[in-house]
Amino acid sequence: MVEKNKTETVDEPTIKFADDGVEHKISEMPESAKELMARWQEKKQIRDEFVVKANNDIDDLNTLLSAYEARMKLILEPEDKPKIEVQ
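Residues numbered from 1 in each chain as written. Predicted model: local features only at pLDDT ≥ 70, side-chain atom pairs only at ≥ 80, totals over all residues. Heavy atoms only, no water.

## Let's talk about the overall build of the protein chain
Let me state the cut-off plainly: To qualify as a helix, a DSSP run of H or I must reach at least 4 residues; to qualify as a strand, a run of E must reach at least 2; elements of each kind are numbered from the N terminus. Only protein chains enter the accessibility calculation, which uses a 1.4 Å probe; a residue is then buried when its area is under 20% of its type maximum, exposed when over 50%, and partly exposed in between. Reported accessibility uses the Shrake-Rupley method at a 1.4 Å probe radius. Residues are deemed covered only where the shown protein chains occlude them.
The secondary structure content of the protein chain amounts to 1 helix and 2 strands. In sequence order, the protein chain lays out its α and β elements as β-β-α. Taken across its 87 residues, the protein chain has 5% of its residues classed as buried. In the structure as shown, the protein chain presents an accessible area of about 9200 Å², 55% of it carried by carbon and sulfur atoms.

## Let's talk about the pattern of salt bridges
Two side chains bearing opposite charge may form a pair once their charged atoms approach each other closely. Rules: The term salt bridge refers to a pairing of a side-chain nitrogen on Lys or Arg with a carboxyl oxygen on Asp or Glu at a separation within 4 Å.
Under the definition given, this model contains 4 salt bridges. Put simply, glutamate 31 and lysine 34 hold a salt bridge, and the shortest N to O gap is 3.6 Å. In this pair, glutamate 31 and lysine 34 are both assigned in helix 1 (residues 31-76), 3 residues apart and thus about one turn of the helix distant. With relative accessibility at 51%, the residue glutamate 31 sits in the exposed group. A single network of salt bridges, built from pairs that share partners, joins Lys44, Arg47 and Asp48.

## Description of a nonpolar patch on the surface
This is how the line gets drawn: Surface patches are defined over residues having more than 30% relative accessible area and no salt bridge, joining like charges when they lie within 9 Å and nonpolar side chains (Val, Leu, Ile, Met, Phe, Trp, Tyr) when within 5 Å.
Where nonpolar side chains cluster on the molecular surface, the patch consists of Leu61, Leu64, Leu65, Tyr68, Met72, Ile75 and Leu76 and spans about 750 Å² of accessible area. Locating leucine 76 in the fold gives a position in helix 1. The exposure class of leucine 76 is exposed, given its relative accessible area of 67%.

See below:
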């Protein structure tokens, strides 16, 4: 069996500020920009995790509210089904 020599191109991390904007290589940025980039990445991760947690909390609260509504309805509007006695 013959193995082919595979070369993979690894794209260097870049950033651009608009879809059609200039692409800046992170390795070529001044240290001050690299520090801001690291802080930006950290804050973006925190924001993304916050959004996921908030969405989960909203889902949990909606489920809980629905359960409370169902319980209140049973208290305020009890089912008045006639009981059938079997002899």
